[in-house]
Structure formats: C-alpha cells, structure tokens
Amino acid sequence: MYLTTAAAVLTYRFPHRPGSDVSLYAMLKPHGPSGFGYSSTAEDVTDGLDLTGRRILITGCNSGIGHEAMRVLASRGATVIGAARTLEKAAAACAAVGGSTEPVACELEEPASVRACVETVLAGAPLDGLVANAGIMALPKRVLCHGYEKQFFVNHIGHFILVNGLLGHLTDDARVVMLSSAAHTMGWKDGIRFDDLSAEKAYSDIRNYGQSKLCNLLVARELGRRFEGTERRAFGVHPGVIATNLGRNMTMPGMGLFNRLGPLLVLKSIPQGAATETWAVAHPDARAHNGAYLADCNVKRSSSFGADLDLAAKLWAKSEEIVAAL
Ligand SMILES: NC(=O)c1ccc[n+]([C@@H]2O[C@H](COP(=O)([O-])OP(=O)(O)OC[C@H]3O[C@@H](n4cnc5c(N)ncnc54)[C@H](OP(=O)(O)O)[C@@H]3O)[C@@H](O)[C@H]2O)c1
C-alpha cells in the first residue's frame with residue numbers, strides 16, 4: 001500500500017512515457033483472493049469469458065487503459081460503445097480494435113455533448129455495463145469549466161450527467177464502474193470543498209485532482225447503496241499507476257531517470273492497468289462486491305472520506321443541484 005502510494009506520488013510528477021510490459025514490483029507482488037493481482041492483465045481477467053450479447057459503454061476509449069479495456073472486452077464478444085471527445089476520435093479508436101464497437105461523441109466538459117451522447121445510447125439496446133473511465137489529471141493552473149474547477153467538472157460532473165442519464169437504461173444486472181484513483185487520498189484535508197468548487201480560494205494540481213477522484217469513488221459508493229437489493233452493481237476502481245497520456249500536463253525538471261526507470265521498477269503496463277476496470281465490469285466474481293473500492297482486481301480499503309456514505313449522499317445532492325442549473 002505504502003509503496004503503491006509512493007509510486008503514485010512520484011509518478012504523478014512525471015510526464016508520459018510508454019510503459020514496459022513487466023515491472024519489478026509487478027513480479028514481486030502476489031495475487032489477491034480473487035486469484036488476480038497487480039500483474040494481471042485485462043486479457044488474463046477475461047480469459048475464458050464469453051461476453052457475447054453484453055453491451056458496455058466506456059468513456060475515454062481512444063487512449064490509455066480505456067482503449068485497452070475496449071479492445072479486450074470487444075475481443076471477448078461484448079459490443080462496446082466507445083465514447084471519446086469527438087466522433088472522429090471515437091471512430092478511429094473503434095476501428096483500431098476488432099469485434100463489435102460503436103463510436104459515440106462525449107465531450108465531458110460540455111453538458112450538451114454528454115446529453116447528446118445519452119440520447120444516442122438511449123436509442124439503442126439497454127446497457128449491461130457503463131465504465132466511466134475518461135479523466136484529466138493535475139492541470140498546472142486553475143481552469144474553470146461552467147464556473148467549476150475543470151478536473152471536478154470533467155472527471156465528476158460530466159460523468160455524473162452521463163451516469164444519471166443512463167441509469168434507467170441499464171439492464172437488471174448491469175454494472176457501473178467509476179474510475180477513481182489512489183489519489184483520492186491526496187485531496188483536501190477537509191474532504192470535498194463544497195464551499196470552493198471553483199477553487200477560487202485555493203487551487204492545487206494534485207489536491208483538486210484527488211478531490212475529483214474522491215467524487216468518482218463516492219458516486220460508486222452511492223450507486224452501490226442505491227443498487228442494494230437488486231442485481232445491479234457499482235464499483236470504484238484504482239487502476240494502478242500506469243504510464244499513459246494522463247501525465248501530459250505534468251512537467252518536473254530533473255526527473256528523467258525515474259521517467260526511464262519507473263516503468264521497469266513500479267509502473268503497471270497498459271494491459272495491467274486496464275485489468276481492474278475490466279474485471280469489475282465483466283468478471284462473475286466481481287458481483288459479490290457491490291459498492292466496493294477495487295484495486296489490483298481485489299477489494300481494497302479506501303480513505304475514510306472514500307467510505308463515508310453521508311458524504312456520498314451529500315455529493316450526490318449537490319451534484320444534482322449543479323447539473324440542474326447548467
Ligand atoms: N494512469 C494512471 O496512472 C492512473 C492512475 C489512477 C487513476 N487513473 C484513472 O484512469 C482513467 C484513465 O486514464 P488513463 O491513464 O488511461 O489516461 P489517458 O491515456 O490520458 O486517457 C484519458 C482519456 O480521457 C479522455 N478525456 C480527457 N478529457 C476528456 C473530456 N473533457 N471529455 C471526454 N473525454 C476526455 C481522453 O481523451 P483525449 O485523448 O481526447 O484527451 C482520453 O481518452 C482516468 O480516469 C484516470 O484518472 C489513471
């Protein structure tokens with residue numbers, strides 16, 4: 001846990017570098033009770049699964065772990081609705097993988113685009129899975145989006161509109177997977193700053209990212225609560241620390257060495273990074289863990305804020321209020 005968090009902190013300080021296939025850390029870390037672990041890949045966790053007839057939406061399908069999750073889910077027979085910021089990006093990403101895929105535009109910083117995506121998806125068959133995977137991290141300067149800090153808006157509010165718009169279009173045993181992060185522990189000391197969601201009083205690249213990832217986790221907790229007594233499931237996921245385009249905004253001088261060694265020592269490869277969200281949305285065993293925070297394809301303890309159901313309910317109500325006013 002400490003090594004993972006240290007790796008997360010260090011890695012968030014480094015710009016993008018493609019990951020290697022196996023890190024030293026991945027070789028040393030044992031698998032968990034699910035039979036999978038740090039080194040498992042999305043292909044490993046879907047080995048032998050037939051997802052034919054399953055319809056799964058994933059945002060951020062054109063890059064990083066979202067693209068790999070889409071590729072693997074489609075290769076196992078699922079029809080994957082691949083959402084990206086533009087239809088062109090989504091179409092190119094879908095064309096790059098085999099199997100059944102359907103591109104759709106979903107620009108999370110524009111409510112009109114998210115609502116149009118919802119309308120497009122509503123016109124098709126119900127969803128068996130919804131993976132809120134897209135995200136941005138550590139914007140060096142405070143940027144506003146409809147009056148709110150941009151990471152909060154893109155990572156949380158955009159997905160909140162999407163998830164709410166599609167809740168009534170889920171099958172009876174559908175799963176919703178929210179990409180959170182170990183960085184949910186790196187937010188503000190007082191949890192979610194409901195009185196400063198525009199970050200006017202204070203802005204921090206990592207703390208505001210952490211706050212947005214705490215929001216993603218709390219949405220999963222609240223959905224899990226709402227799904228109790230049904231066959232539906234919700235999960236919050238930390239995918240690991242992976243060298244993807246997520247670090248594109250990070251610039252730290254003098255870190256070239258770690259940038260070169262990181263993938264060899266501690267980072268997950270993209271196939272490993274895609275494993276937990278893929279396990280959550282597709283593996284039969286994940287069903288036993290409604291509302292859980294998952295990492296390395298196993299249940300993990302989150303921060304106390306991340307497990308606070310009252311905070312989750314408060315965030316949900318505030319988010320409804322924000323969305324209604326947009
Ligand atoms: N990589 C890690 O170490 C790590 C660790 C913990 C959590 N995560 C989480 O994992 C998820 C996937 O990240 P990744 O590592 O695969 O990063 P990535 O390669 O940068 O992919 C992020 C995806 O999100 C999309 N996106 C960004 N802004 C968007 C917007 N306004 N509207 C719609 N889509 C938008 C990107 O589209 P464009 O390419 O068009 O910008 C891209 O497809 C994120 O939620 C991230 O917070 C990653």
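Residues numbered from 1 in each chain as written. Predicted model: local features only at pLDDT ≥ 70, side-chain atom pairs only at ≥ 80, totals over all residues. Heavy atoms only, no water.

Participant: Would you mind going over the pairing of strand 7 (residues 170-179) with me for this structure?
Facilitator: Note on strand geometry: in a regular strand, side chains alternate between the two faces of the sheet. By the criterion of burial, strand 7 is predominantly enclosed, with eight of the ten residues buried. Where strand 4 (residues 127-132) lies against strand 7, five bridges are found, and the strand directions are parallel. Bridge pairing in strand 7 links Leu-130 to Val-176. Note that strand 7 and strand 8 (residues 233-238) share five bridges and pair parallel. Of the residues in strand 8, the one forming a bridge with Val-176 is Ala-234. (Buried < 20%, exposed > 50% of the residue type's maximum accessible area, 1.4 Å probe, protein only. Helix = DSSP H or I, 4+ residues; strand = E, 2+ residues; numbered from the N terminus. Pairing = 2+ DSSP bridges.)

Participant: Would you explain the packing of helix 4 (residues 64-75) against helix 11 (residues 275-282) in this entry?
Facilitator: How two helices pack is summed up by the angle between their axes together with the distance between the axes. It is the contact of helix 4 with helix 11, at a shortest axis distance of 9 Å, that shows an interaxial angle of 45°. One finds that helix 4 runs oblique with respect to helix 11. The hand of the helix 4/helix 11 crossing is right-handed. Side by side, helix 4 and helix 11 meet where Ile-65, Ala-69 and Leu-73 of the first sit next to Glu-277, Thr-278, Val-281 and Ala-282 of the second. (Axes fitted to C-alpha atoms, helices over the stretch in contact; angles between N-to-C directions. Parallel < 35°, antiparallel > 145°, perpendicular 65-115°, else oblique. Left-handed = near helix turned anticlockwise from the far one by under 90°. Contact = heavy atoms within 4.5 Å.)

Participant: What is the right way to look at the site of the ligand in this model?
Facilitator: What surrounds the ligand is a group of 31 residues, the closest being Asn-62, Ser-63, Lys-89, Glu-107 and Thr-244. In this structure, Gly-60 approaches the ligand through a main-chain N or O atom, which is 3.5 Å from an oxygen atom. Look at the ligand: alone it shows 900 Å² of surface, and the protein chains cover 98% of it. Mapped by element, the contributors of at least two residues to the shell around the ligand are helix 4 and helix 8 (205-227). Residue composition of the shell around the ligand, by class: 13 nonpolar, twelve polar and six charged. (Near = heavy atom within 4 Å. Polar contact = N/O pair within 3.5 Å; in protein donor to acceptor, adjacent residues only side chain to side chain. Areas by Shrake-Rupley, 256 points an atom, 1.4 Å probe, with all protein chains shown as cover. Nonpolar A, V, L, I, M, F, W, Y, C, P; charged D, E, K, R; others polar.)

Participant: Would you mind showing me how to read the pairing of strand 4 here?
Facilitator: Within strand 4, six of the six residues are buried, which leaves the element mostly enclosed by the surrounding structure. Bridge analysis of strand 1 (residues 55-59) against strand 4 gives three bridges, and the strand direction is parallel. Each residue of the ladder has a partner; that of Ile-58, found in strand 4, is Val-131.

Participant: Sorry if this is basic, but what is going on with the packing of helix 7 (residues 150-166) against helix 12 (residues 309-324) here?
Facilitator: In the contact formed by helix 7 and helix 12, the axes pass within 11 Å of each other and the chain directions differ by 85°. When the axes of helix 7 and helix 12 are compared, the pair comes out roughly perpendicular. When helix 7 is examined against helix 12, the residues Phe-152, His-156, Ile-157, Phe-160, Ile-161 and Asn-164 are found in contact with a partner set consisting of Leu-315, Trp-316, Ser-319, Glu-320, Ile-322 and Val-323. A per-class count over the contact of helix 7 with helix 12 returns eight nonpolar, three polar and one charged.

Participant: Sorry if this is basic, but what is going on with the confidence of the model for the protein chain here?
Facilitator: Detailed reading of predicted coordinates is not advised where the pLDDT is low. Looking at the protein chain, the pLDDT average stands at 91 and 88% of residues meet or exceed 70. Ignoring residues within four places in sequence, the model shows residues 1-20, a span with pLDDT below 50, making 49 contacts including any to other chains. (pLDDT = per-residue confidence, 0-100.)

Participant: How should the packing of aromatic side chains be read in this particular structure?
Facilitator: The description of an aromatic ring pair uses the distance of the two centres, along with the angle that the planes make with each other. With the rule as written, the count across this model stands at three aromatic pairs. An aromatic cluster is built from Tyr-148, Phe-152 and Phe-153, whose rings are joined through pairwise contacts. Sitting over the face of the ring of Trp-188, Arg-193 holds its NZ or CZ atom 3.9 Å from the ring centroid. Cation over ring: Lys-268 sits above Tyr-38, and NZ or CZ is 5.0 Å from the ring centre. (Phe/Tyr/Trp six-rings, centres within 6.5 Å; stacked < 30°, edge-to-face > 60°. Lys NZ or Arg CZ within 6 Å of the ring centre and 35° of its normal.)

Participant: What am I meant to see in the nonpolar core here?
Facilitator: As a rule of thumb, soluble globular proteins bury nonpolar side chains together. Grouped together as the largest cluster of nonpolar side chains are 46 residues, with contacts concentrated most on Leu-57, Leu-127, Leu-162, Leu-166, Ile-192 and Leu-223. Of all the secondary-structure elements, those providing two or more residues to this core are strand 2 (79-84), helix 6 (111-122), strand 4, helix 7, strand 7, helix 8 and helix 12. It is helix 7 that contributes the most residues to this core, nine residues altogether. Setting aside anything within four residues of it in sequence, one finds Leu-57 in contact with Ile-81, Ala-83, Val-104, Leu-127, Gly-129, Leu-130, Val-131, Leu-162 and Leu-166. Val-45, Val-131, Val-177 and Phe-235 belong to the second-largest nonpolar core, a separate cluster that totals 37 residues. (Core = buried A, V, L, I, M, F, W, Y, C linked by side-chain atoms within 4.5 Å.)

Participant: Just checking my understanding: could you explain the sheet that holds strand 10 (residues 298-299) for this structure?
Facilitator: Taking strand neighbours across the sheet as the criterion, the eight strands line up as 3-2-1-4-7-8-9-10 in an open arrangement whose pairing is mixed. Each having just a single partner strand, strand 3 (100-105) and strand 10 make up the two edges of the open sheet. Along the sheet face, helix 6 touches strand 2, strand 3 and strand 4 and points at about 145° away from the line of strand 3. Lying on the sheet, helix 11 is in contact with strand 1, strand 4, strand 7, strand 8 and strand 9 (292-295); it crosses strand 7 at an angle near 165°.

Participant: What should I look at first to understand the pattern of salt bridges in this one?
Facilitator: Two side chains of opposite charge can pair, provided their charged atoms sit close to one another. In the structure shown here, the tally under the stated rule is 14 salt bridges. Residue Arg-55 pairs with Glu-102 through a salt bridge whose shortest N-O separation is 2.9 Å. Taken as a pair, Arg-55 in strand 1 and Glu-102 in strand 3 lie far apart in primary sequence, 47 residues in all. A residue is classified by how much of its surface remains accessible, and Arg-55, at 14% relative accessible area, is buried. (Salt bridge = Lys/Arg side-chain N within 4 Å of Asp/Glu carboxyl O.)

Participant: Help me understand a nonpolar patch on the surface in this model?
Facilitator: A surface patch of nonpolar side chains, amounting to about 340 Å² of accessible area, comprises Leu-24, Met-27 and Leu-28. Position of Leu-24 among the secondary structure elements: in helix 2 (residues 24-28). (Patch = residues over 30% accessible without salt bridge, like charges linked within 9 Å, V, L, I, M, F, W, Y side chains within 5 Å.)

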